[in-house]
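One-letter residues, chain by chain:
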Amino acid sequence: MTDNRQDITEEHWRQAKLIWDYHQMHHALRPCDVAIGLGSHDLGVAAFSAHLYHAGLFPHLVFSGGNSPTTAARFPRGEAVHFREHAIELGVPDEAILLEPNATNTGHNITLSRRLLAETDIHPRSVLLISKPYMERRSFATARKVWPEVDVVCASEPLELDDYVKAIGDDKLVIDMLVGDLQRVIEYPRLGFAIAQDVPETVQAAYEALLRAGFDSRLLTL
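Please read these numbers as outputs of a predicted model, since none were measured by experiment. (Residues numbered from 1 in each chain as written. Predicted model: local features only at pLDDT ≥ 70, side-chain atom pairs only at ≥ 80, totals over all residues. Heavy atoms only, no water.)

Visitor: Can you walk me through the overall build of the protein chain in this structure?
Guide: Assigned secondary structure in the protein chain consists of 8 helices and 5 strands. Computed over the C-alpha atoms, the radius of gyration of the protein chain is 17 Å, within 12% of the 17 Å expected from 2.2 N^0.38 for a compact globule of 222 residues. By principal-axis analysis of the C-alpha atoms, the protein chain measures approximately 50 × 35 × 30 Å. Going through the 222 residues of the protein chain one by one, you find that 51% of them count as buried. Relative to all contacts within the protein chain whose residues are 6 or more apart in sequence, the contacts with residues 24 or more apart total 78%. Looking at the protein chain as shown, the accessible area adds up to about 10,200 Å², and 51% of this sits on carbon and sulfur atoms. Taken together, the 21 basic and 31 acidic charged side chains of the protein chain have centroids lying 4 Å from each other. (Helix = DSSP H or I, 4+ residues; strand = E, 2+ residues; numbered from the N terminus. Rg over C-alpha atoms; globule rule 2.2 N^0.38 Å. Buried < 20%, exposed > 50% of the residue type's maximum accessible area, 1.4 Å probe, protein only. Contact = heavy atoms within 4.5 Å. Areas by Shrake-Rupley, 256 points an atom, 1.4 Å probe, with all protein chains shown as cover. Lys, Arg positive; Asp, Glu negative; His and termini not counted. Charge placed at Lys NZ, Arg CZ, Asp CG, Glu CD.)

Visitor: Is there a simple way to think about the pattern of salt bridges in this case?
Guide: Side chains that carry opposite charge are capable of pairing whenever their charged atoms lie near each other. Throughout the structure, instances matching the rule amount to 9 salt bridges. Between Lys-17 and Asp-21 there is a salt bridge, with the nearest N and O atoms lying 2.9 Å from each other. Remark: Asp-21 and Lys-17 occur in helix H1 (residues 10-23); sequence separation between them is 4 residues, near one turn of the helix. Accessibility expressed as a relative area gives 30% for Lys-17, which makes it partly exposed. (Salt bridge = Lys/Arg side-chain N within 4 Å of Asp/Glu carboxyl O.)

Visitor: For this particular structure, what's the right way to read the packing of helix H7 (residues 171-191) against helix H8 (residues 201-212)?
Guide: Axis angle and axis distance: for two packed helices, these are the angle between their axes and the distance between the axes, and together they describe the pair. Remark: H7 packs on H8, axes separated minimally by 10 Å, with the N-to-C direction vectors making an angle of 125°. Judged on the interaxial angle alone, H8 and H7 are oblique. With respect to the hand of their crossing, H7 and H8 are arranged in left-handed fashion. Of H8, the residues touching H7 (which contributes Ile-175, Val-179, Leu-182, Gln-183 and Ile-186) are Val-203, Gln-204, Tyr-207, Leu-210 and Leu-211. Per-class residue counts for the contact of H7 with H8 are 8 nonpolar, 2 polar and no charged. (Axes fitted to C-alpha atoms, helices over the stretch in contact; angles between N-to-C directions. Parallel < 35°, antiparallel > 145°, perpendicular 65-115°, else oblique. Left-handed = near helix turned anticlockwise from the far one by under 90°. Nonpolar A, V, L, I, M, F, W, Y, C, P; charged D, E, K, R; others polar.)

Visitor: Explain helix H2 (residues 44-54) here, please?
Guide: Within the span of H2, buried status applies to Gly-44, Val-45, Ala-46, Phe-48, Ser-49, Ala-50 and Leu-52. Among the structural elements, strand S1 (34-38), strand S2 (60-64), helix H3 (79-89), strand S4 (126-130) and strand S5 (151-155) are those in contact with the buried residues of H2. In the stretch just after H2, Gly-56 is the one whose phi turns positive, near 80°.

Visitor: Quick question: what am I supposed to make of a nonpolar patch on the surface here?
Guide: On the surface, Leu-191, Phe-193 and Leu-222 cluster together into a nonpolar patch covering about 290 Å² of accessible area. By secondary structure assignment, the location of Leu-191 is in helix H7. In this structure Leu-191 comes out as partly exposed when scored by relative accessible area, which is 37%. (Patch = residues over 30% accessible without salt bridge, like charges linked within 9 Å, V, L, I, M, F, W, Y side chains within 5 Å.)

Take it as geometry only, folks, not as evidence of what the structure does.
Structure follows, in structure tokens:
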């Protein structure tokens, strides 16, 4: 574990918690026609997808994701492949899972999953997007842009920020990722990748303060 807490103040954690809470959509879980597990470094997405499948929330589950520089070493055969294997280990039947192994960003996750479902003659009216906790809002905004006709519900492991930091094992990296995802929420509508999301003043102020403090390793170059 990388312990960077000596470099992170209580005020930084307060600001990070504001952004963490903002990233989550707080949707009420309900049954959907399909679920899409969005690929990432976080195998908890696969585990929570399995949990929700066993809870009867959807009959079909797509795992979507190829590789990125941050996941190639952890998931050498691709995010979706490893997610699928983990879900099967947790009791999800193979026939319930569709594999989309090529997506390299959230827009691709949703667009390519939609195409795969159509090729399988599955045309959902509602989709449950399962992601990392701090990726809910970005996945929602992206889905509303690229697949506006479906009803979107977002879900992630019900973790507090402290628990997530312990699971990842790198304090500063987690805050960097929170800041980086918020930059994408802010900037992607202008680039045509997502619909706009209202950012409360307190969240905007926390974002700008963390940027000034150097939590910037996950920023896009715009």
